Structure formats: C-alpha cells, structure tokens
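# Chains, contacts and geometry: an overview
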Amino acid sequence: MNSGVAVLQGGFLLANKLCSPLSLSSLPKGDWSRVRKPILDAIREVCGQELFCDQPNTSGIRWKKKLVCALWLRLNCQEAGEDMETTWRTNPLFSIQSGFPDLNYAVLLELVKSVSAAEIFAQCLLCLPGAQICTEVERLAHHVMSSPTSQEDVQLFLDVWWELWKGKDEQVDNQETMFTTQIVHLFPQLTGLSLPVAKRRKLDTSDVLPSVSLATHDVLHVLLHSLKDMRDHTSTTDLCLQALSISLDSLYTSFLIDRAVTLPTKRQMDILSKVVAIRKKNGEKLSSELIREAQRDLRASHSPSQFQPSKMNLSQALGVIMELAHFWSGCGLLKLCDSSISSYSAFKLEQSVQRVLEALEAVKVSETMTERDDPKTLSVEENILREVVESLGFSAPESSPEVNAKVTMLIINHQLEAYQDFAVFFASEMSWVNCDENWIKCLEENQEAFQQPDVLLTLASTLMSQFHLGNVSQCERMKKVIVAIFSKLSLEDKNRTLAGMLGLSGQGFFGCSVPTSIIEDFQQELNFVFNSIIQPEGGASAAHTAVSLVAKVAFQNPEVTLTSCCHSAVFNKGAFSFMANILQQLPGLKGMVGNDEAQSTAIENGVKKAQGNADGRGDCPTKSSLLCKCLQELIRTKVLSNTDKEQFLQFTSLLMKPVMVDEGGERRQSFLSPQEMVNAFVLPNLFTKSHHSIDMDLSLQLLQSALLVDLQDPSAAPWVLACSPFPLLYILAQLLHQSLRCWEQPPEATVHQWSMDTKELLVSVLSVLVKVVGSEVASNPHRWSRALFWLYSQMEKLDWSVRFYLKPVWRDHFKNEVPSSLLTVCDLPEQEWSGLDLPQYGQGTGLLAWIECCSISDFFQSTMLSRLALNRQQPDHMIMFSKGLLLALTQTLPWCSMSQWSRLLRALRELLSADLLHVPYSLEYVDYLPLLDLRGFSCELQLSVLLLRALQLLCGCSCSDWLSVHGWAHVGRLYAQALREIVDALRAKLPLTSSRTFTASPKHSGLPSPKTYRVLQCASTQSSSSKNSTASAEAQNEEMQTVPSQEVLFVLSQLFCHVQHVQVMMPCGQCEPLFLTSLEILSHSEAIMAAFPDSSSPLESDITRRFLSSITDNLQNKEMKAVLQQKITQLMSTAV
C-alpha cells in the first residue's frame, strides 16, 4: 500500500467519525456537507489541486478512477455479503477497498458529483450488463430526486446520461478491467457481462458499439421519465437546454437512425470550429482535450444508441420531450440571456433539433413509422421544436479561416479522430498555405497522416498553385516533404498516385512556371537516378531500389522520367530489359495524355483513302499514352542505328507482354497495349506517304510483335478490330504487291527500297493478321460482309497471287481466281476455281502460274501437286513438262523469299521422287565412270543439276540484265540455301555420330567395287577369355550393312563442282554465300574421310585433289581461290 491510498483511507475514516452517531454506511444525502471536507482534502492532497479544474492531470485522473472503482466495489461487497477470507486472495483491490469504512450509495454518488467524476462513473456503468445498467440508472435517478435536490444533482444526472451515450472510452485501463472482473465474481448470476473492449472513435458503422439486449429493461425509458420527474428542479436555462439537447440526441440515435451518419469533413470542421469559438468566449483555450471531447459529442450524436428502447415508441418518447419543452418554455427558461455560459448548450440544442427535424421528414417520406407512431402528432411536435429553436434566437458565431486551420492542424498533430480525413481537407485548402509557418510545419511533422494517394495529389496541386507566388524557399520545403511522403508509400499506392499525377499534368510539378533552382535540383536528382541504375547489381534488392528511385522522380515529372527511361532502353546496350522490368512495375505511368491531333488526322485521312466508305474501319486513335509520346519524340529527334532499332523493338515487345502479378496469379494488363503501339508507330507509317522516322521494316516488325502478343493471350479481346483491320489488310496487300518484283524497281522511283527481308516480313505479318481477322469474320459474317466485299474488290488492282495470302479472311465466300493458263496444267474444280485473262499470262505460262501457287502456302502447294495434269505414259508430255518447269523455275527463282524458296524445293523433290520430272544427269564433272551405286542419291543429284541448269539460263546473255547487284546477291543466297538442304539430306543418309560402330570390309583386288563396312551389334555384354576354357562363350550376331561413304563423297564432289560453276557464271562472282557453301561441302567431305579412312585410296585422293583444284582455278577472286585450294589440299592430306 502506498502513501496516497493511506491518505485517502484516512480521509474517509475521519469522515466516518465526523458523522457520528451515524456512519458513512447510513449517511443521508443531506448530511454529505458534514463529511465532505476531510474526504475532499484527502483527495486534493493525493491528486493535486487541479483535480477540480476542467483539465486535471493524468495522474489525478488515475487516482480518481482508482478511488471510484474501489469504493463502488466496496459497496458491492457489502451488498453481496462477501466472505473476507476468500476475497483477499482473489480481489487485487482488496488491500485498497478494505481500508475504507463501510459506505452507502449516497456517499458514492455525492463523491462522484463533488470531484466531477461523472465520466468515470459512466465508464464503470458500461462495464455492467444491460439489466444492471438499468438498475443503476434508476438508483442514480432516485438519489438525484431525494431531498435536497440541487442543480448540481441534475447536472450529474445529465452528465452520466450523456457519457453513457458516448459509449466506452478508447483507452481502457486496468482499473476498469479489474472492476469488471470483480463484478463478475460478486454477481455470477448476471449474464451478458464482458470485459471492456477498446473502440475506435470514428463516425462510421464499424465503430458502433454492439447493441445491448434489453428485452425488459429500457434505459431510455428510465432516463426520460426520471428527467420528467425532476423538471421542477431544473431551474436554469443552461440545464434546460442541456436536458433537451441530450434527450433529442438520445431519441435521434435510438429511433431515427440504424447506422452511423458520416458527416463530411468540412461539416465536421465547421461544427468543431464553432464549438471552439463558443468555448473561447467562456474563457477556455483551444486544446486537444477540448477537440477530443467535442468529437466524442459529435460521434455520440450520429451513432445508433447501444440502448435499444423496448417500452416506448418514437411518438411516446417525443411526447415526453415536448412536454418538458412546453413546461420549461412556460417557465421562461428557454430564452437566452446575455450570459455566454449558456451559448454552448444552445448551440448543441440547435444542432440536435435540426437533426431530429430532418430525420422526421425522412421517416414520413420513407413510410417506416410503426403503427403506434401517429403522423399528426409528429407534425405537431415538429412545429413545437421549430418554435423552441426560434424562441432561443441563438446565432452561432461564424468560424474564421484561421480557427479552421488551427483546429485542423491540432487534430492532425495529435492524431485525433478522423485525422486522416482532416489531412485530406488540410491539403486541399490552398488559402491556409500562406497563413503562417505552422502549415508547412504541420506537413513536415505529420507525414504519416498524408500518406494517401488522394492527399498527395491534392498537395501536389497546392504546390503547383504556389509556384507563381515566388516564395521559392517555401515551395522547396513543400516539394521536399511531398516527395518524402510519396517515397514512403507502398508500390500499389505509388502507382495510384502516379496515375493521378498524370491526370493533373504529364509534366507533374513542372507543368507550370517553376523556379529555376527547383528545376536544377530536379535535373541533378534525375541524372543521379539514371546513372545509378544503368548497371544494376544486387539482384532483387537493387531492382526494388531502382523501381523506387524511378517512381520518385516520375512523381515529380512523369514525362521527363519516361523520356529518360526510353532513352536508356534504346541507346544503352542491353538496358532495354531492365528498363522494361521497371516500367512493368509502375503501371501508374501508362495513362493517356492529351490529343495527338496531327497523328490522328494523318491516320484518319489514310484510312479514308484506303477504304472509302466501307465498314470495318474501327476507331481511329485520338489519344496516345505518355510512353508512346516519349518514344515518338525520341525517334523523331534521334537517328537510330540498327542496334538502336533492335533495342527499340525488344523494349516495346517486353512492355506489350502481360505481367504476372505473382506466381500462379492472374495476369496484369501490359504496360503498353498492342493497340496503342500499333496506333502510334505502325498505322501512321503505313497509312501515309510522307516521311517518318521509323522505316518500313521496323514498322512491320512492331506490328508482328504486337500480333504475337495477342496470340500468346488468346482470352483477350481482338484489339486488332480497333485498328482499322480491313484498311490495314489492304495496305499490307499493296505493300506485298509492290515487293513481288522488287528487283525491277529502280531505287530512285520509289519511296521505299524493297528487300526480300521486307517481303518475308510482310508475308509473316499477313499470315498472322489474316488468322485473327478471319476468325472474327467467321464468327459473325453478316457484320463484316460489306467490309469483306470491299476488301476483295480492292484486290483486283493487285497481283493475282496477293489475294491468296488473304484467303483465311474470306475463306469460301469467293472462288480462287487464277490465270486461265493454270487451268490447262491443273485439273481444278470449277466450283472452287475460276480463270482470269491476264495479259502477262498468255499461252504456255501455265507452269509459271503453277509454280507460283506452289510457293504461296503449304495448302496451295499440296493442291497444285495433287491436281497436276501430267500423263507419265507419254514421253513427249514428260519432256515438255520438264523443260517448261525449268523455264518457270528460272523466271520465279529471283523473286522468291526464303520461305517461298523452301516450298519450291520441297515441291521439286516431290516431283523427282515421283518420277514426274525428267532431269538427265551428265558426267561433265567426272574424268572416269565411277563404279558406284548412286540410285539412293538420284534425287539430290538431279535437284542439283536442275538448279544448275536454271542458273545457267538465268546467267545467260538473254537474262543477265534482269537483276540488280542486290538481286544477284539474293539469288546466290537462295542457291546456297538449296545446296545446304541437299548437304543436310546427305548427312541424314550417312550420320557421322555412329561412325565408330563401322568396320571396314577386306579389300578386293581387280576391278574397283563399292567398299562395304559392317555394323557390329553385340547380342551379349559378356565375353569369355581364351585362357578360361570352363566359361561358356555366347555367340555374337553380326548384321552386314553397306555404308555409302564413297557415294556420299562422290555426290559432295559433284555439288562442289556445281557451286563453283554457278559462282563463276554469276555476274557478281564474288558471291560470299556460295563461297561459304563450298567450304561447308569440303568440311563435310573431310569429316567423312576422317570417319571412314578406307573410303579413298591415296591415288584416288590425288586424282580428286587435282580435279577439284582445276575447278577452282576458274574463280576470279584470288582470296577465295587460295582459301579453297588450301582447304582441298588439307582435305586430301587427311585422306592419305
């Protein structure tokens, strides 16, 4: 026991003596004055003199609560007749309460009244179950009404009433917990008793206390009728106003609302400021406690009561209140005098009446009244309420901006109720910024309160509005603290803030006139950020830091930051991947900004010119993302090298890919949508003829990457439909038409210098696009019928073969139209095919059209091969077909892309394998007849000779001027590709990886014969030693297999000679692909000789060396000749 408890116990013991012959346990209410002095003196000594002031210290409040709890438990122990032998073991307050003399309820309540402990008493009441609360309220009312009844008694009753309606305090200490525990112990028969739980104080439904079940105990009924009984003792205006205000608020929260009413922050601030202004007139100072109590009052007035009425309805409760109002009005107590003391009560009453009147109107409109609620009675009582307010004549003082600012800052500084909502309001009031130093100080000291995206955006707007005032130092402080607040946000909130900043301005803080010093500081920060993340190290931690740094500068200036990201990604080698990863984690920067009128107009005109009035155009873009704007500006002002273009392509491709939020999670939208990219970088280049910074190849590559992203996410909507799909198809078809005869176009006559790579890219893009559009047309053909017919009609202007690339779009809607000459060499059904009379396809050009169809697609190649009209029984037909095909091949070869050429080679192999193509093989590159079985290599040899004959025609004097230098180079690449495919076929027939299993057969004398080798296959893994005669030996099965090593070497030598022949014939004899092919052939021959050393004798090797060397002597390029002859010498030395 400490000295404070002893002093308090001594005061009560002295008071117990003073009331002799009575005791404190039997002391009447009127005799409290006899004993109050020693008790209050003891309390004053322990708690301090300020305990009886409006704002006692914290220590004094704790002592006061401890005293009230101890005395109330002492009283309860008396009533329960608790056994002292057990109480001292279980009651932690036993040592305190046992030292006090026995007392009664009157002493407890008089003490509560004397030390202004109504709040503490109410908090203890709330620790009791509902039935017990009702009983205690009745006891309180009985005590107040017992003689003598003073104004202080009525005040105590009203204070306890209102504290009950405020609910449990946010801070629940050990005293209340111990009090509740002991009550449970003393009265175990009471139900519904629970330990106090802290509640947040906010004006929303989550903070409403749980309803107390009072089936037979109506607290509001007891309170209202008790107040009615003590109306004669309520003889001051202030008490009458308080009583009416509390009664109306109790009625409002019990009958007229079922959930908390959330007031707008501005309305709350207005009410609180008026409270401060009124109390200031009463001599009170602005403090956190004053605002806290005002907020509690406000919350209690707008939250559903925990005490649900059961014995009265709305009309009855309102009738009691109106009876009281009528009585006090008749006594002249509802008129304000000049005293400022009553003004706060009048303000609260005015607010209460306004709330009740509005709620009553809503009740009548919503028709939610019970059967016992009389509408006429309610209307009469509404009029009485209005008369009461009018009779007051109260006019609340207007709150000034200065008071509003002080109240708001005080709430934020002390983190009072709804301080974050007040932070939003604080940030939006631009008029407060220049009030005094406290505004920026509040911002700096309470950064946590402003860590909300909406608040930050409001602060950003406030900062931008301050730049023009010229207060640079204050602007710098504001910017610094705003950026610091942003840096502490989570990544999700950062993205929300960045998206909001884009809505304000694409240039962030710098969208208006900004002081030079702030611009320079930001530029230094920007340079530091990107210099530090160009070479990232440290794994995930470094990546997270990089994202945070980029987000920080992006918040200040999104456009400049994105421009720096794009510059780093395009021009810093290998940085595109890291930059894309950073931006993918900052989706808040992908918003749309502004109208790009120039680009929109160009695309619109291009679409109209391409399409006319056809349907299916889609929506033309009117806006572009900030990223697209930055990329466009970058490529408009910089010259891109091939490496830069590749990084640009990789960067945009990564940004178009959807990002996984987490492992196994859902996909998040890509940072750059394919539609945005196509609208920004592809359509402007394709739909207009003017010069653009992006070349045609890059535009097509971007379109291809966008289409591939769409294929990777088949569940996504077909974005292509919003990019003018049918005009786009027509433009691509036009480009393909122009590229068909690219070698015939003089460079100066065209805007674009076509290449076979461009043609290949066009075909690849078209093949993907037609599948996407075709599937949409097939799903809803009626919707697209007009656009479909328009597109097909436009194909009449183009080469007949182009429309076959668009076949997946119209499918079976139209017949396949081909040159009429093709129908003479193919048996094609009339219901699917029709002929066209084309001037360039006259008589005898059927095979030319046939071979062109074979190169278009695998489907048409299969059709052409299966429908070929050729009579193998007529030699003349076979010879004419073979010659005609050779001529057609010669005409088609130079304009084939790599994919088309591969299809043609496949078709030629099919013809050769089926003996439908006659290609005689002459021994012009053989000094003597080889005694080899070359039947297994006839296809390779015939195909090589066929290509040789075609190139002999092409390189002849009549055709040598067909092609440009680039054209001949392309022909060389095609021929080299064909020879590589033949060599690959030879590799498949003689795999070198299993050469170790081959053993040479014994050599034969006499006439040369094919050398044979054996493949040994062991039937058992166990062998026996000749020295161990007792072990059983298992037989080994040997399977003879002829290995055509000499045949392959012979075929390779023929291929080498053919390549050399072609290289010498070609106008550009220094064709590098052919030279590399020759080296590849020699290298493969060397590998065969090393794997099969018996394939060639020394004499044969020497003859072969001389022969191959003589072939290379015809090369004009000395360097190539020297390298090849050296390789030949090395080859023959390997054989020896």
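Residues numbered from 1 in each chain as written. Predicted model: local features only at pLDDT ≥ 70, side-chain atom pairs only at ≥ 80, totals over all residues. Heavy atoms only, no water.

### So, the overall build of the protein
Cut-off, in case you're wondering: Helix numbers and strand numbers start at the N terminus; a helix is a DSSP run of H or I with at least 4 residues, a strand a run of E with at least 2. Partly exposed describes any residue whose relative accessible area lies between the buried limit of under 20% and the exposed limit of over 50%, with all areas from a 1.4 Å probe on protein chains only and scaled to the type maximum. Contacts are residue-level and defined by heavy atoms, with any inter-residue pair within 4.5 Å sufficient.
In terms of helices and strands, the protein carries 47 helices and nine strands. Burial analysis of the protein (1136 residues in total) assigns 53% to the buried set. For the protein, the proportion of contacts with a sequence separation of at least 24, taken over those separated by at least 6, is 78%.

### Focus on a nonpolar patch on the surface
Rules: Candidates for patches are residues over 30% relative accessible area with no salt bridge; among them, like charges are joined within 9 Å and nonpolar side chains (Val, Leu, Ile, Met, Phe, Trp, Tyr) within 5 Å. All accessible areas in this document rest on Shrake-Rupley with a 1.4 Å probe, and a residue is counted as covered only by the protein chains that are shown. The term salt bridge refers to a pairing of a side-chain nitrogen on Lys or Arg with a carboxyl oxygen on Asp or Glu at a separation within 4 Å.
Among the surface-exposed residues, L923, L929 and L931 lie close enough to one another that they form a single nonpolar patch of about 290 Å² accessible area. Its location among the elements puts L929 in the loop between α41 (898-913) and α42 (938-954). Judged by its relative accessible area of 58%, L929 falls in the exposed class.

### Examining the packing of helix α44 (residues 1045-1065) against helix α46 (residues 1098-1112)
Note the cut-off: Where helices are involved, their axes are fitted lines through C-alpha atoms of the stretch in contact, as for all axes, and angles between N-to-C directions lie from 0 to 180°. Oblique is the label for every angle not falling under 35 degrees (roughly parallel), over 145 degrees (roughly antiparallel), or within 65 to 115 degrees (roughly perpendicular). When the near helix sits turned anticlockwise from the far one by under a right angle, the crossing is termed left-handed; a clockwise turn instead gives a right-handed crossing. Under the grouping applied here, Gly and all other residues not named as nonpolar or charged are polar, the nonpolar ones being Ala, Val, Leu, Ile, Met, Phe, Trp, Tyr, Cys and Pro and the charged ones Asp, Glu, Lys and Arg.
The N-to-C vectors of α44 and α46 enclose an angle of 15°; their axes lie 9 Å apart at closest approach. As far as their axial angle goes, α46 and α44 are roughly parallel. Here the hand of the crossing between α44 and α46 comes out left-handed. In contact with Q1046, S1053, F1056, C1057 and Q1060 of α44, α46 contributes E1100, F1107, L1108, I1111 and T1112. When grouped by side-chain class, the residues that make up the contact of α44 with α46 number five nonpolar, four polar and one charged.

### Describing the packing of aromatic side chains
The following threshold applies: Here the aromatic set is Phe, Tyr and Trp, taking the six-membered ring for Trp, and pairing holds for ring centres within 6.5 Å; pairs whose planes are under 30 degrees apart are stacked, those over 60 apart are edge-to-face, and all others are tilted.
Per the counting criterion, the structure on display carries 24 aromatic pairs. Here the aromatic rings of F510 and F522 are separated by 4.9 Å at their centres, their planes lie at 40°, and the arrangement is tilted. Of the two residues, F510 is situated in the loop between α23 (491-504) and α24 (516-533) and F522 in helix α24; the sequence distance between them amounts to 12 residues. Assigned by exposure class, F510 and F522 land together as buried.

### Here's the deal with the state of the cysteines
The cut-off we apply is this: Disulfide assignment relies on a single distance test, namely cysteine sulfur atoms paired within 2.5 Å.
Scanning all chains against the criterion turns up zero disulfides. Looking at the unpaired C853, the closest cysteine sulfur is the one in C854, lying at 7.2 Å.

### Details of the nonpolar core
Heads up, the condition is: As used here, the term nonpolar core means buried Ala, Val, Leu, Ile, Met, Phe, Trp, Tyr and Cys residues forming a set that is joined through side-chain atoms within 4.5 Å.
F509, L732 and W850 are the most contacted members of the largest nonpolar core, which has 357 residues in total. For L732, the residues in contact, after removing those within four places along its chain, are L686, L700, L703, L762, V765, L766 and L769.

### Description of the packing of helix α18 (residues 401-413) against helix α20 (residues 437-445)
Taken N-terminus to C-terminus, the directions of α18 and α20 make an angle of 20°; their axes are 10 Å apart at the nearest point. The pairing of α18 with α20 is recorded here as roughly parallel in orientation. Here α18 and α20 pass one another in a crossing that is left-handed. Only N438, W439 and C442 of α20 make contact with α18, whose side of the interface consists of M409, I412 and N413. The class makeup of the residues in the contact of α18 with α20 is four nonpolar, two polar and no charged.

### What about helix α38 (residues 846-856)?
With 11 of 11 residues buried, α38 is to be regarded as a mostly interior element. All of the buried residues in α38 are G846, L847, L848, A849, W850, I851, E852, C853, C854, S855 and I856.

### So, unusual backbone geometry
Note: most residues except glycine have negative phi, and most peptide bonds are trans. In this chain, S20 is followed by P21 through a cis amide linkage whose omega measures 15°. Relative to the elements of secondary structure, P21 occurs in the loop between α1 (3-18) and α2 (32-47). Put simply, S147 and P148 share a cis peptide bond, and its omega is -5°. Within the secondary structure, P148 sits in the loop between α8 (130-145) and α9 (151-166). Positioned with a positive phi, A418 is a non-glycine residue whose angle comes to about 60°. Mapped onto the elements, A418 comes out in the loop between α18 and α19 (419-428).

### A short note on the side chain of T758
The following threshold applies: Polar contacts, as counted here, are pairs of nitrogen or oxygen atoms within 3.5 Å of one another; within protein the pair requires one atom able to donate a hydrogen and one able to accept it, and residues that are adjacent in sequence qualify only if both atoms are side-chain atoms.
Take T758: it is sitting in helix α34 (residues 756-779). Note on T758: relative accessible area 0%, which makes it buried. Polar side-chain contacts of T758 include one of 2.4 Å to the side chain of D697.

### Some details on the pattern of salt bridges
On inspection of all chains with the given rule, the structure shows 42 salt bridges. E323 is the salt-bridge partner of R231, the closest N and O atoms lying 3.4 Å from each other. Highlighted residues: R231 in the loop between α11 (219-229) and α12 (237-256) and E323 in helix α15 (residues 314-330), separated in sequence by 92 residues. Residue classification places R231 among the partly exposed positions, given a relative accessible area of 23%. For E323, a relative accessible area of 31% corresponds to the partly exposed category. Here K274 and D270 are joined by a salt bridge, their closest N and O atoms 3.5 Å apart.

### Focus: the confidence of the model for the protein
This is how the line gets drawn: Residue-level confidence of the predictor, termed pLDDT, takes values from 0 up to 100.
Mean pLDDT for the protein: 82, with 82% of residues reaching 70 or above. Scored below 50 in pLDDT, residues 191-215 makes 72 contacts in the model with residues more than four places away or belonging to other chains. Confidence drops under pLDDT 50 across residues 994-1041; counting only partners more than four residues distant or on other chains, this segment forms 49 contacts.

### Examining the environment of L349
Looking at where L349 falls in the secondary structure, it is placed in helix α16 (residues 343-366). Overall, the relative accessible area of 1% leaves L349 in the buried class. The spacing of L349 and I246 is 103 residues in sequence and 8.1 Å in space, taken between C-alpha atoms. Those residues in contact with L349 that sit more than four places away from it in its chain are L241, L244, S245, L248, V388 and L392.

### Observations regarding the environment of I1128
In this structure, I1128 sits in helix α47 (residues 1118-1135). Classification of I1128 as buried rests on a relative accessible area of 0%. Separated by 46 residues in the primary sequence, I1128 and L1082 place their C-alpha atoms 7.1 Å from one another. Once residues within four sequence positions are removed from consideration, I1128 is found in contact with F1056, L1082, R1105, L1108, S1109 and T1112.

### A look at the environment of G591
Within the secondary structure, G591 is located in the loop between α27 (576-584) and β1 (592-595). For the pair formed by G591 and L672, sequence separation is 81 residues and the distance between their alpha carbons is 9.7 Å. Setting aside residues up to four positions removed in sequence, G591 forms contacts with L502, S625 and L626.

### Concerning the side chain of N446
Following the sequence through the fold, N446 ends up in the loop between α20 and α21 (453-466). When its relative accessible area of 9% is taken as the criterion, N446 is described as buried. Within polar-contact distance, the side chain of N446 engages the backbone oxygen of C442 at 2.9 Å. Excluding residues that lie within four positions of it along the chain, N446 makes contacts with I412 and N413.

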